[in-house]
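Residue-level structure breakdown
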Amino acid sequence: MSACPPYAPFFGLGGVAASMVLSTVGAAFGTSKAGIGIAGLGQFKPELIMKSLIPVVMSGIIAVYGLVVSVLIAGALRPTDYSLYAGFVHLGAGLACGFTGLAAGYAIGYVGDSCVRAYVYESKVFVTMVLILIFGEVLGLYGLIVALIMNSRATEAPSCM
Amino acid sequence: MSEQVVASKLTAQAAAQGNALIKLLVFSLALAIVPISSYFLSRDYVWGGNTTWAAFTAAGSAQLILVAFIVVSVLEDQRERSEVEATKAKKSH
């Protein structure tokens, strides 16, 4: 059993895909759920639409986290001289970023929807909405940080004979 | 007389919509282009090939775009509210 089997890039590429796909699912859910609330708000108070687009921008940033981790891992992949350890590290990094992005997008979607609907009636909800959305956003940021820390360990991989 | 009021309201609405559309386009393009380009540019020219710091730079630039969007939307809301109050004060005189 060698340290660099030929199927090792499978796991690395799985990490690239997982990071992008799962964080995009989270961002899509957040965008669509918040968009439903904004469409409801826009019927009554169209002047509040610009401020109520903040959940949509935050969902976009979740997808940016997934994109950055995907590009980061894909830049380290090689067809040969790629150890199984590095493949597992990259898979773990991609899964960490992807699933936390899914969670963050889920939170941003529900919070954005409810808070923009409440913003029609009470303008002081705006600051509360931004605070709760920031707390939901940092869930994706924690996944990004863990993915970056894991990826930096992939260079410690054993050299292939 | 009321037709002119309606026409002026429509042109004001169209102008506001055009202005808001341009702002949204700018922010969408910024969110699409700035993080990934800052990753590659900072990796090659700032951090000397270190990909971890370049990824932190990209995430930080995305956060800066979010902060800029929040600031722009709050300022636009304040400006619109002061305009509405100014027209109300004019009408009451």
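Calculation criteria
Every chain begins its residue count from 1, and numbering advances along the sequence as written. Starting at A for chains and at 1 for ligands, labels are handed out in the order in which the entities are written. Per-residue local features are limited, in this predicted model, to residues with pLDDT of at least 70; the limit for side-chain atom pairs, both in listing and counting, is 80 or more; totals at the level of whole chains, interfaces and linings are taken over all residues. With hydrogens and water excluded, all non-hydrogen atoms of the structure serve as input to the side-chain values. A residue counts toward a patch only above 30% relative accessible area and without a salt bridge, and it is joined to like-charged neighbours within 9 Å or, for Val, Leu, Ile, Met, Phe, Trp and Tyr, to nonpolar neighbours within 5 Å. Shrake-Rupley sampling with a 1.4 Å probe provides the accessible areas, and residues are treated as covered by the protein chains on show and by no other component. Salt bridges are defined as contacts in which a side-chain nitrogen from Lys or Arg sits within 4 Å of a carboxyl oxygen from Asp or Glu. A run of H or I in DSSP counts as a helix once it spans at least four residues, and a run of E counts as a strand once it spans at least two, with each numbered from the N terminus. UniProt positions are given in the numbering used here, feature names are shortened, and annotations may be inferred rather than shown by experiment. Both site types are read off a 1 Å grid over the protein atoms alone. A 1.4 Å probe that fits but cannot get out defines a cavity, while an open set with protein on both sides within 12 Å along at least five of seven lines defines a pocket; lining residues have an atom within 4 Å of a point. Grid points are joined across faces, edges and corners, and a volume is the space filled by probe spheres set on the points. Amino acids outside the nonpolar list (Ala, Val, Leu, Ile, Met, Phe, Trp, Tyr, Cys, Pro) and the charged list (Asp, Glu, Lys, Arg) are all regarded as polar, and Gly is one of them. Grouping buried Ala, Val, Leu, Ile, Met, Phe, Trp, Tyr and Cys residues that are joined through side-chain atoms within 4.5 Å yields what is termed a nonpolar core. Burial classes follow relative accessibility: with a 1.4 Å probe on protein chains only, a residue under 20% of its type's maximum area counts as buried, one over 50% as exposed, and anything between as partly exposed. Should any heavy atoms of two residues lie within 4.5 Å, those residues are considered in contact.

1. Notes on a nonpolar patch on the surface
Residue and element names in this part refer to chain B. Residues Leu41, Tyr45, Val46, Trp47, Trp53 and Phe56 make up a contiguous nonpolar surface patch of about 700 Å² in total accessible area. When contributions to the nonpolar patch are tallied by element, the ones reaching two or more residues are helix 1 (2-46) and helix 2 (51-92). If you tally residues by element for the nonpolar patch, the top one is helix 1, at three residues. Mapping Leu41 onto the fold places it in helix 1.

2. Digging into the UniProt feature "domain: V-ATPase proteolipid subunit C-like" (unreviewed entry) in chain A
All names here are of chain A. Under the UniProt annotation, the feature "domain: V-ATPase proteolipid subunit C-like" (unreviewed entry) is placed at residues 15-73 and 91-150. When the span residues 15-73 is considered, its composition is 92% helix and 0% strand, and the gap between its end C-alpha atoms is 8 Å. The span residues 91-150 shows a helical share of 92% and a strand share of 0%, and its end C-alpha atoms are spaced 10 Å apart.

3. A short note on the layout of surface pockets
When its volume is computed, the second largest pocket comes out at roughly 320 Å³. Lining the second largest pocket are 19 residues, and of these Ala76, Arg78, His90, Ala154 and Thr155 of chain A lie nearest its centre. Those elements giving two or more residues to the lining of the second largest pocket turn out to be helix 4 (84-119) and helix 5 (125-152) of chain A together with helix 2 of chain B. Residue classes in the lining of the second largest pocket are distributed as eight nonpolar, eight polar and three charged.

4. Let's talk about the nonpolar core
Counting 53 residues, the largest nonpolar core has Ile54 of chain A together with Phe69 of chain B as its most contacted members. When contributions to this core are tallied by element, the ones reaching two or more residues are helix 1 (8-44), helix 3 (54-74), helix 4 and helix 5 of chain A together with helix 1 and helix 2 of chain B. Top contributing element to this core by residue count: helix 3 of chain A, with eleven residues. In contact with Phe69 of chain B, other than residues within four places in its own chain, are Met50, Leu53, Ile54 and Val57 of chain A together with Leu24 and Phe27 of chain B.

5. Some points on the UniProt feature "transmembrane region" (unreviewed entry) in chain A
All names here are of chain A. The feature "transmembrane region" (unreviewed entry), as annotated in UniProt, sits at residues 6-31, 52-76, 82-104 and 125-150 in this numbering. In the segment residues 52-76, helix accounts for 88% and strand for 0%; the C-alpha atoms at its two ends are 39 Å apart. Annotation note: span residues 125-150, helix share 100%, strand share 0%, distance between end C-alpha atoms 38 Å.

6. Some thoughts on the UniProt feature "transmembrane region" (unreviewed entry) in chain B
Residues and elements named next belong to chain B. Sequence positions flagged by UniProt for "transmembrane region" (unreviewed entry) are, in local numbering, residues 21-41 and 53-75. Taken end to end, residues 21-41 comprises 100% helix and 0% strand; its first and last C-alpha atoms sit 29 Å apart. For residues 53-75, the helix share is 100%, the strand share is 0%, and the end-to-end C-alpha distance is 33 Å.

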